[in-house]
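Understanding the architecture of this molecule
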Amino acid sequence: MTHLNETLGVAVIGAGRWARKAHLPAWRRDRRARVLRLVDTDEPVLAESGRLFEVEDLATDYREALDDPRIDVIDVVTSNRAHFEIAWAGLEAGKHVLCEKPVHHDFRQTQRAADLAKAKGLKTKLGFTFRYAPATLYAKDLIDQGFVGEPYVFNGYEQNSQWIDPSTPMRQVPQDGSGDEIAVSSIEGYGAPIIDIMHWWVGRPLEAVVGTMRNLVPVRMVRDTARMERLNIDDADMWICELSSGVLASIQSSYVTVGNYPGVEARLYGSEGAVIVRLVEERGVCQTLHTATRQEVEFTERSIPQRFFPEGGSSREPWDSLFYSNLVADFISEILSGSADNQGDFQQGALVQETINAFEASYRSRSWVDFPLRQRGGAGGTPLAGGM
Ligand SMILES: NC(=O)c1ccc[n+]([C@@H]2O[C@H](COP(=O)([O-])OP(=O)(O)OC[C@H]3O[C@@H](n4cnc5c(N)ncnc54)[C@H](O)[C@@H]3O)[C@@H](O)[C@H]2O)c1
């Protein structure tokens with residue numbers, strides 16, 4: 001395996017749109033790592049991404065990368081249903097793993113993967129893109145310095161209008177989205193990063209959740225069949241969270257709410273002050289941070305120090321590659337440092353997934369659900385709904 005001062009060898013599994021926009025540009029930007037292999041089951045997609053990012057070693061089966069001793073990191077950016085299998089195989093083969101969310105729809109499986117990584121001394125990272133926005137990192141730094149004081153209230157939004165047009169092709173969700181029950185979609189695919197920021201910024205255990213989901217655009221173009229079909233999925237949802245010490249939080253996610261990308265807003269109000277991070281591309285700028293104190297209640301914009309940016313980075317570059325460059329650079333540092341540092345890892349992924357599973361249980365039972373779920377059900381008996 002790799003030692004200090006060596007270059008990390010990376011295999012990127014999945015060469016589609018997000019790999020091209022975020023993962024491959026981020027790996028290319030950091031001299032401490034090199035993408036040695038690119039894998040995709042779709043040969044034209046694979047060939048085009050290989051050409052664009054000058055990767056020569058192309059394959060259609062990810063297992064070839066597992067036996068390659070030059071590979072230190074497996075980066076999973078396939079469609080959701082392949083995440084767990086490949087991430088698990090990567091860990092079993094002794095590789096560090098970066099995986100897009102969710103690792104698995106059931107938090108207990110994500111927890112198993114986190115445990116395997118820990119047992120093998122391997123680092124993991126989830127694709128929690130918005131944690132690594134320079135504005136979010138700076139806000140967390142201010143929170144750690146006491147700027148907000150005791151946390152009181154957190155508001156998290158993930159909203160954009162990517163799927164407001166029914167003719168935008170959508171991949172069929174893994175759970176049956178055509179039945180009577182709304183299947184989880186927006187809250188898992190889009191809400192996960194803001195739930196991550198809630199846990200991270202508030203830093204208090206979650207105790208109970210309640211909320212609801214809606215399907216506002218019922219008939220959509222299904223990508224695989226190219227036909228308009230009934231897709232009973234959550235395209236909007238709203239949740240209330242009680243955290244310890246009386247902290248209250250709200251989470252709203254939707255991809256049928258009009259507004260630009262990436263459409264994330266995180267607000268934390270406390271005994272001394274407040275921070276508002278807004279990650280929405282507007283007038284060529286992809287992020288802002290506003291702060292107020294109890295003495296100076298008018299919110300003012302803060303400039304974000306350069307130390308929170310990747311080398312040469314600025315708020316005027318595309319948000320996806322900017323934020324992902326920080327994520328990848330952080331993962332490389334964590335692996336090369338040899339320390340225990342590992343933020344946004346599979347353990348955090350399990351916590352976020354457990355929160356989503358609790359939200360779903362609350363919606364199905366129309367009631368408050370206590371957290372953590374794992375205390376309630378005992379061995380293997382957690383009250384998860386919806387065929388997980
Ligand atoms: N973190 C974020 O902010 C963010 C943003 C966008 C997408 N994503 C996630 O990134 C992932 C990919 O999304 P996308 O938009 O690039 O989708 P995509 O369909 O464009 O690309 C996925 C690729 O994975 C390939 N693939 C599927 N199964 C495979 C397997 N077993 N082995 C090898 N290749 C396989 C497909 O052929 C396809 O080319 C999804 O999980 C998505 O949710 C995350």
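The shown structure was predicted, so the numbers you read here are calculated from the model rather than taken from an experiment.

This brings us to the overall build of the protein chain. Within the protein chain, the regular secondary structure consists of eleven helices and 17 strands. Its C-alpha radius of gyration of 20 Å places the protein chain within 12% of the 21 Å reference for a compact globule of 388 residues. With the C-alpha coordinates aligned to their principal axes, the bounding extent of the protein chain is approximately 55 × 50 × 45 Å. With 388 residues in all, the protein chain has 47% of them scored as buried. A fraction of 70% describes how many contacts in the protein chain between residues 6 or more apart in sequence connect residues 24 or more apart.

Let us look at the site of the ligand. The environment of the ligand is made up of 22 residues, and the closest members are Gly14, Gly16, Trp18, Asp42 and Gly127. Tallying contributions element by element places helix α1 (residues 17-29) first for the shell around the ligand, with three residues. For the shell around the ligand, the per-class residue count stands at nine nonpolar, nine polar and four charged.

Successive side chains on a regular strand alternate, one facing one side of the sheet and the next facing the other. Here strand β9 (residues 219-222) runs beside strand β10 (residues 227-230); their pairing, made up of four bridges, is antiparallel. Its bridge partner being in β10, Met221 is matched across the sheet by Met228. Linking β9 to β10, which pair antiparallel, is a turn of four residues; within it Ala226 sits at a positive phi near 55°.

Strand pairs in the sheet, formed through backbone hydrogen bonds, run parallel or antiparallel to each other. In space, the six strands of this open sheet follow the order β3-β2-β1-β4-β5-β6, with parallel pairing throughout. Strand pairing shows two members of the sheet lacking a second neighbour, β3 (57-59) and β6 (124-126), which therefore form its edges. Across the sheet, the axes of successive neighbouring strands diverge by a mean angle of 20°, strand direction being ignored. Two strands pair when backbone bridges link them, and strand β1 (residues 8-13) and strand β2 (residues 33-39) are joined in this way by six bridges, in the parallel orientation. Counted as the bridge partner of Gly9 is Arg34 from β2.

By domain assignment, the protein chain separates into domain 1 (8-129) and domain 2 (131-319). Each of domain 1 and domain 2 was reduced to a C-alpha centroid, and the two centroids are 25 Å apart. Between domain 1 and domain 2, the contact holds nine residues from the first and nine residues from the second. Residue classes in the side of domain 1 that touches domain 2 are distributed as two nonpolar, four polar and three charged.

With 93% of its residues at a pLDDT of 70 or more, the protein chain has an overall mean of 93. Confidence drops under pLDDT 50 across residues 376-388; counting only partners more than four residues distant or on other chains, this segment forms 23 contacts.

Counting residues in each nonpolar core, the largest one holds 109 residues, and the members touching the most others are Val12, Ile13 and Ala87. If you tally residues by element for this core, the top one is helix α9 (residues 319-337), at ten residues. Composition of this core by domain shows at least three residues from each of domain 1 (8-129) and domain 2 (131-319). If near-sequence neighbours (up to four positions away) are discounted, Val12 is found in contact with Ala19, His23, Leu24, Val35, Leu38, Asp75 and Val77.

What follows deals with helix α5 (residues 107-120). Three- or four-residue spacings in an α-helix give side chains the same orientation, since the helix completes a turn every 3.6 residues. Over its 14 residues, α5 extends 20 Å from the first C-alpha to the last, a length consistent with the 20 Å expected when each residue adds 1.5 Å. Each element contacted by the buried residues of α5 is listed here: α4 (83-92), β6 and α10 (346-365). Phi for Gly121, located one or two positions after α5, is positive at around 70°.

Turning next to the sheet that holds strand β13 (residues 262-270). Pairing is mixed in the open sheet, where nine strands are placed in the order β16-β15-β14-β13-β7-β12-β11-β8-β17. The open sheet is flanked by β16 (300-301) and β17 (369-370), the only strands paired with a single partner. The pairing of β13 with strand β14 (residues 273-280) spans seven bridges and is classified as antiparallel. Note on β14: the bridge partner recorded for Val264 is Leu279. Here α10 sits on the sheet in contact with β8 (206-214), β11 (236-243) and β17, set at roughly 60° to β8.

Residue Pro102 is reached from Lys101 by a cis peptide bond, and omega for that bond is -10°. Within the element layout of this structure, Pro102 appears in the loop between β5 (96-99) and α5. For the bond running from Tyr261 to Pro262, omega is -20°, close enough to zero to count as cis. Residue placement: Pro262 occurs in strand β13. The phi torsion at Ser245 lies on the positive side, around 65°, for a residue other than glycine. For Ser245, the position within the fold is in the loop between β11 and β12 (248-254). Judged by C-beta crowding, with 11 C-beta atoms within 10 Å, Ser245 ranks as exposed. If you check the backbone angles, Arg366 has positive phi at about 50° while not being a glycine.

Quick notes on the rules
Residues numbered from 1 in each chain as written. Predicted model: local features only at pLDDT ≥ 70, side-chain atom pairs only at ≥ 80, totals over all residues. Helix = DSSP H or I, 4+ residues; strand = E, 2+ residues; numbered from the N terminus. Rg over C-alpha atoms; globule rule 2.2 N^0.38 Å. Buried ≥ 20, exposed ≤ 12 C-beta atoms within 10 Å, placed from the backbone. Contact = placed C-beta atoms within 7 Å. Near = placed C-beta within 6 Å. Nonpolar A, V, L, I, M, F, W, Y, C, P; charged D, E, K, R; others polar. Pairing = 2+ DSSP bridges. Axes fitted to C-alpha atoms, helices over the stretch in contact; angles between N-to-C directions. Domains from an automatic or database assignment. pLDDT = per-residue confidence, 0-100. Core = buried A, V, L, I, M, F, W, Y, C linked by C-beta atoms within 7 Å. Expected span 1.5 Å × (residues − 1).

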